[in-house]
Amino acid sequence: MAIVLGPNQYGKAENRLVTVTRDGDVHTIKDLTVSTSLRGDLAETHLTGDNAAVLATDTQKNTVYAFAKEAPVGEIEDFALRLGRHFVSSQEAITGARVLIDEHSWNRIEENDHSFVQGSNEKRTTAVTVEGDQAWVVSGLKDLVVLKSTGSEFHGYPRDKYTTLKEVTDRILATSVTARWRYQGSGIDWAKSFAEIRAVLLRTFAAKHSLSLQQTLYAMGEAVLEERPEVAEVRLSMPNKHHFVVDLSPFGLENDNEVFYAADRPYGLIEGTVLRDDAEDPGQAWYSLPAF
Ligand SMILES: O=c1[nH]c(=O)c2[nH]c(=O)[nH]c2[nH]1
């Protein structure tokens, strides 16, 4: 038996980057969390401690900030592609780079030119993988919290001796959507594509009469693929944010689906992938991202 070094990567996680772009007195804020990971011929540092191939994580961090000054950050996908390509093309030992970016939202305070209020917790995300001269872009969103107060049922499931859940034909359906979609093709308008995919996800959540959160998840992914040809595959992770009807009978009160207890845990966790059966195979790049 021999012991060998398996897959590895290293980088600087969660660089917090804020930029202010000035157009006269009118300022625009971009607030990003940027993580970089590099892969390549890195056996020596692990096996002998020889760091000749190791671009320091501190240098990776500095590169993120310097790049933000040297050219406009622009869309997160473009910024991630620039960083990833830089690391792979400038360091002989580095053959692959993964750049993850979360974008945090700030909204202008009324018409003010340089004052902002933090938006919701929702984040726009991208995960760019560069390998040699190839690149894959997986964008998405997380913490998109949605709720519908009717149009959701759940019944017809097996009942065994441990089942207590009541079958319902009208319930609150709420979730916090994490979505990742893999792009195919080129010349994509990242901002427009993001806005339209987000709108499709929301519209479908609202419109689909739900017999299960699983059915809603599939419908949301299917709608994105039907409407957005630039998307090959969608992965969705949707916790079921349970809203339980409170039993008010001890107080002689009827509860006709009006008063709920919003439980935060445990929660059902519904996850799935919706894809085109003829989508090109992305190879390792996609599958080595977290599945959901
Ligand atoms: O939409 C649902 N899917 C489930 O699998 C499930 N399980 C459960 O207890 N409630 C629900 N709701």
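Residues numbered from 1 in each chain as written. Predicted model: local features only at pLDDT ≥ 70, side-chain atom pairs only at ≥ 80, totals over all residues. Heavy atoms only, no water.

1. Things to note about the site of the ligand
Part 1: Inspection of the region around the ligand gives Phe154, Leu165, Arg171, Ser212, Leu213, Gln214 and Asn240 as its neighbouring residues.
Part 2: In the model, an oxygen atom of the ligand is placed 2.7 Å from a nitrogen or oxygen of the leucine 213 main chain.
Part 3: In the environment of the ligand, a nitrogen atom lies 3.3 Å from a nitrogen or oxygen atom belonging to the side chain of asparagine 240.
Part 4: For the ligand, whose unbound accessible area comes to 290 Å², protein coverage reaches 71%.
Part 5: Among the cavities detected, the one that contains the ligand is the largest pocket.
Part 6: Along the lines of polarity and charge, the residues of the shell around the ligand split into three nonpolar, three polar and one charged. (Near = heavy atom within 4 Å. Polar contact = N/O pair within 3.5 Å; in protein donor to acceptor, adjacent residues only side chain to side chain. Areas by Shrake-Rupley, 256 points an atom, 1.4 Å probe, with all protein chains shown as cover. 1 Å grid on protein atoms, 1.4 Å probe; cavity = no way out; pocket = protein on both sides within 12 Å on 5 of 7 lines; lining within 4 Å. Sits in = over half its atoms within 2 Å of the grid points. Nonpolar A, V, L, I, M, F, W, Y, C, P; charged D, E, K, R; others polar.)

2. Some remarks on the pattern of salt bridges
Part 1: In this structure the tally under the stated criterion is 16 salt bridges.
Part 2: Among the charged side chains, a network of salt bridges with common partners joins Lys192, Glu196, Arg228 and Glu230. (Salt bridge = Lys/Arg side-chain N within 4 Å of Asp/Glu carboxyl O.)

3. A few points about a negative patch on the surface
Part 1: Together, Asp170, Glu254, Asp256 and Glu258 make up a negatively charged patch on the protein surface.
Part 2: With respect to the helices and strands, the residue aspartate 170 is situated in the loop between strand E5 (134-148) and strand E6 (173-183). (Patch = residues over 30% accessible without salt bridge, like charges linked within 9 Å, V, L, I, M, F, W, Y side chains within 5 Å. Lys, Arg positive; Asp, Glu negative; His and termini not counted. Charge placed at Lys NZ, Arg CZ, Asp CG, Glu CD. Helix = DSSP H or I, 4+ residues; strand = E, 2+ residues; numbered from the N terminus.)

4. Some details on the sheet that holds strand E10 (residues 268-275)
Part 1: Taken in spatial order, the eight strands line up as E1-E2-E3-E4-E5-E6-E7-E10 in an open sheet, and their pairing is antiparallel. Either end of the sheet is taken by a strand with one partner, and the two such strands are strand E1 (15-23) and E10. Each strand axis lies, on average, 20 degrees off the axis of its neighbour in the sheet, ignoring direction.
Part 2: The sheet contact formed by E6 and strand E7 (residues 231-240) spans seven bridges and is antiparallel. (Pairing = 2+ DSSP bridges. Axes fitted to C-alpha atoms, helices over the stretch in contact; angles between N-to-C directions.)

5. Focus on the domain arrangement of the protein chain
Part 1: Domain annotation of the protein chain identifies domain 1 (8-132) and domain 2 (139-292).
Part 2: For domain 1 and domain 2, the distance between their C-alpha centroids amounts to 29 Å.
Part 3: Contacts between the two partners involve 15 residues from domain 1 and, on the opposite side, 13 residues from domain 2.
Part 4: When domain 1 packs against domain 2, the two sides together hide about 1,300 Å² of surface, and 49% of this comes from carbon and sulfur.
Part 5: Where domain 1 meets domain 2, there are three salt bridges.
Part 6: In this structure, the salt-bridge partner of aspartate 102 is lysine 142, at a minimum N-O distance of 2.8 Å. (Domains from an automatic or database assignment. Contact = heavy atoms within 4.5 Å. Buried area = accessible area lost by both parts, 1.4 Å probe.)

6. Focus: the nonpolar core
Part 1: Core analysis: the biggest nonpolar cluster contains 54 residues, and Val34, Phe79, Val177, Trp181, Leu201 and Leu236 have the highest contact counts within it.
Part 2: Top element by residues in this core is helix H3 (residues 76-90). It accounts for seven residues.
Part 3: When residues of this core are sorted by domain, at least three fall in each of domain 1 (8-132) and domain 2 (139-292).
Part 4: Not counting the four nearest positions on each side in its chain, valine 177 is found in contact with Leu141, Lys142, Asp143, Leu144, Val146, Met220, Leu236, Ser237 and Met238. (Core = buried A, V, L, I, M, F, W, Y, C linked by side-chain atoms within 4.5 Å. Buried < 20%, exposed > 50% of the residue type's maximum accessible area, 1.4 Å probe, protein only.)

7. Topic: the layout of surface pockets
Part 1: Quantified by volume, the largest pocket comes out at close to 560 Å³.
Part 2: Lining the largest pocket are 22 residues, and of these Leu165, Lys166, Val168, His243 and Phe244 sit closest to its centre.
Part 3: Contributions of two or more residues to the lining of the largest pocket are made by helix H5 (213-227), strand E8 (243-245) and E10.
Part 4: The leading source of residues in the lining of the largest pocket is E8, at three residues. (Points joined across faces, edges and corners; volume = space filled by probe spheres on them.)

8. What about the pairing of E6?
Part 1: In terms of residue burial, E6 counts as a mostly covered element, since 10 of its 11 residues are buried.
Part 2: Taken together, the nine bridges between E5 and E6 define a ladder with antiparallel strand orientation. Each residue of the ladder has a partner; that of leucine 141, found in E6, is alanine 179.

9. Quick word on the side chain of threonine 36
Part 1: Tracing the chain through its elements places threonine 36 in strand E2 (residues 26-40).
Part 2: With relative accessibility at 2%, the residue threonine 36 sits in the buried group.
Part 3: Of note is the side chain of threonine 36, whose polar atom sits 2.7 Å from the side chain of glutamine 60.
Part 4: Once residues lying within four places of it in the same chain are set aside, the contact partners of threonine 36 are Tyr10, Gly11, Lys12, Gln60, Val64, Phe87, Arg98 and Val99.

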